[in-house]
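Coordinate analysis (summary)
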Amino acid sequence: MQQYYLTTRESLAEAIKLAHRALELDPRFSSAAALAGDCHASNFALGYAKDPEFDAKEAIRLARLALSLDDDDPDTLSRVAVISAGLVGDSEAEIEMADRAVALNPNSWRTWNNRGWVYTIAGLPEEAIQSFERAIRMSPVDPLLHMTFLGIGHALIGLGRFDEAIIVLKKALRQNPSFVPACRGLASAFAHLGRDAEAHAAAARVLEIDPVFTISAHIARVPKSSKLLIEGLRKAGLPE
């Protein structure tokens, strides 16, 4: 779905409408339920939600619906694993789902990419990077590759490998120039390296795209963000 690939506030809203329309046409379409849940979860995590509580609850509801319709579909399993990782936090169950998804379809960008995010959120960055790198091998020109590069960047920041993080986060921005999570990652990584001018420029870009961004709101949405990422955002001068 082209709208989903853009990862903007407007494109996710349109993707949600289309996914719900698909569910109206076929109430047992598990992939549509999982996609809608994924979009609601993205709204919450990216700060796009006008009503964050609604988006969080709707993401969880749709994830459970998708599993009840088909718990053997690898794309559905991998999407639900990420939704749960971000909003529920049962790492053991989420890792089990993500691992099962790649076992069912080891040749899918989505299953490996989503496994990477589950392991990132679980605080296992080395395993996450391996999954993201596998995803890139599966689909080296995927339209959502900026999400994979973002995942690698976050994992590298969590490991304190800031130079490497900058390289991959710049790749994410070359693919999607307005992708604010990559700008945030760059601001943090530059700040940790003492590259203050570049850190402040990246922070300014964050606020240009998302004028209401605050660190405290980000932590509320993504409580398992690495401490190093948050420290870097503060050093870069983003508002508390």
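Now for a quick tour of the structure. (Residues numbered from 1 in each chain as written. Predicted model: local features only at pLDDT ≥ 70, side-chain atom pairs only at ≥ 80, totals over all residues. Heavy atoms only, no water.)

Right, let's talk about the environment of Thr8 for a bit. Mapped onto the fold, Thr8 is located in the loop between helix H1 (2-6) and helix H2 (9-25). Judged by relative accessible area, Thr8 falls into the partly exposed class, the value being 29%. On a C-alpha basis, the gap between Thr8 and Gly160 in space is 29 Å, while along the polypeptide they are 152 residues apart. (Helix = DSSP H or I, 4+ residues; strand = E, 2+ residues; numbered from the N terminus. Buried < 20%, exposed > 50% of the residue type's maximum accessible area, 1.4 Å probe, protein only.)

This part covers the packing of aromatic side chains. For the structure shown, the criterion picks out one aromatic pair. Judged by centre distance (5.7 Å) and plane angle (75°), the rings of Trp117 and Phe132 are edge-to-face. Of this pair, Trp117 sits in helix H7 (residues 109-121) while Phe132 sits in helix H8 (residues 125-138); the two residues are 15 residues apart in sequence, bridging distant segments of the chain. Taking the relative accessible area as the measure of exposure, Phe132 reaches 0% and is therefore buried. (Phe/Tyr/Trp six-rings, centres within 6.5 Å; stacked < 30°, edge-to-face > 60°.)

Counting residues in hydrophobic clusters, the biggest one holds 73 residues, and the most contacted among them are Ile157, Leu169, Ala182, Leu186 and Leu238. Among residues more than four places away in sequence, those in contact with Ile157 are Phe162, Ala165, Leu169, Gly185, Ser188, Ala189, Ser226, Leu228 and Leu229. (Core = buried A, V, L, I, M, F, W, Y, C linked by side-chain atoms within 4.5 Å. Contact = heavy atoms within 4.5 Å.)

Okay, the environment of Ala217 next. Position of Ala217 relative to the elements: it lies in helix H13 (residues 215-221). For Ala217, a relative accessible area of 28% puts it in the partly exposed group. Between the alpha carbons of Ala217 and Gly47 there is a distance of 8.2 Å; along the sequence they are 170 residues apart.

Taking 1.5 Å per residue as the helical rise, helix H5 (residues 74-87) with its 14 residues ought to reach 20 Å, and the 20 Å between its terminal C-alpha atoms agrees with that figure. Of all the 14 residues making up H5, 10 are buried; the element is thus mostly covered by neighbouring parts of the structure. Listed in full, the buried residues belonging to H5 are Pro74, Thr76, Leu77, Ser78, Arg79, Val80, Ala81, Ile83, Ser84 and Ala85. Gly89 sits one or two positions beyond H5 and adopts a positive phi of about 90°. (Expected span 1.5 Å × (residues − 1).)

Now for helix H12 (residues 196-209). Between the first and last C-alpha of H12 there are 20 Å, a value that for 14 residues agrees with the 20 Å anticipated at 1.5 Å per step. All of the buried residues in H12 are Ala199, Ala202, Ala203 and Val206. Taken end-on, H12 shows its buried residues confined to a sector of 100°, consistent with a single buried face. Along H12, exposed side chains directed more than 90 degrees from the buried face belong to Ala197 and Glu208. Looking at the buried side of H12, the elements it contacts are helix H11 (180-192). (Arc of directions from axis to C-beta.)

A word on the pattern of salt bridges. If you walk through the whole model with that rule in mind, you get 11 salt bridges. Among the ionic pairs, Arg100 bridges to Asp72, the shortest N-O distance being 2.2 Å. You can see Arg100 sitting in helix H6 (residues 91-104) and its partner Asp72 sitting in the loop between helix H4 (52-69) and H5, a full 28 residues away along the chain. The exposure class assigned to Asp72 is partly exposed, which follows from its relative accessible area of 44%. Across the pair Arg205 and Glu208 runs a salt bridge whose closest N-O atoms are separated by 3.2 Å. Here Arg205 and its partner Glu208 are both found in helix H12, three residues apart, which amounts to about one turn of the helix. Three or more residues are tied together by salt bridges with common partners; here these are Asp99, Arg115 and Glu127. (Salt bridge = Lys/Arg side-chain N within 4 Å of Asp/Glu carboxyl O.)

What follows is about the side chain of Glu58. Looking at the secondary structure, you find Glu58 in helix H4. The buried category is assigned to Glu58, whose relative accessible area is 13%. Residues in contact with Glu58, not counting those within four places in the same chain, are His20 and His40.

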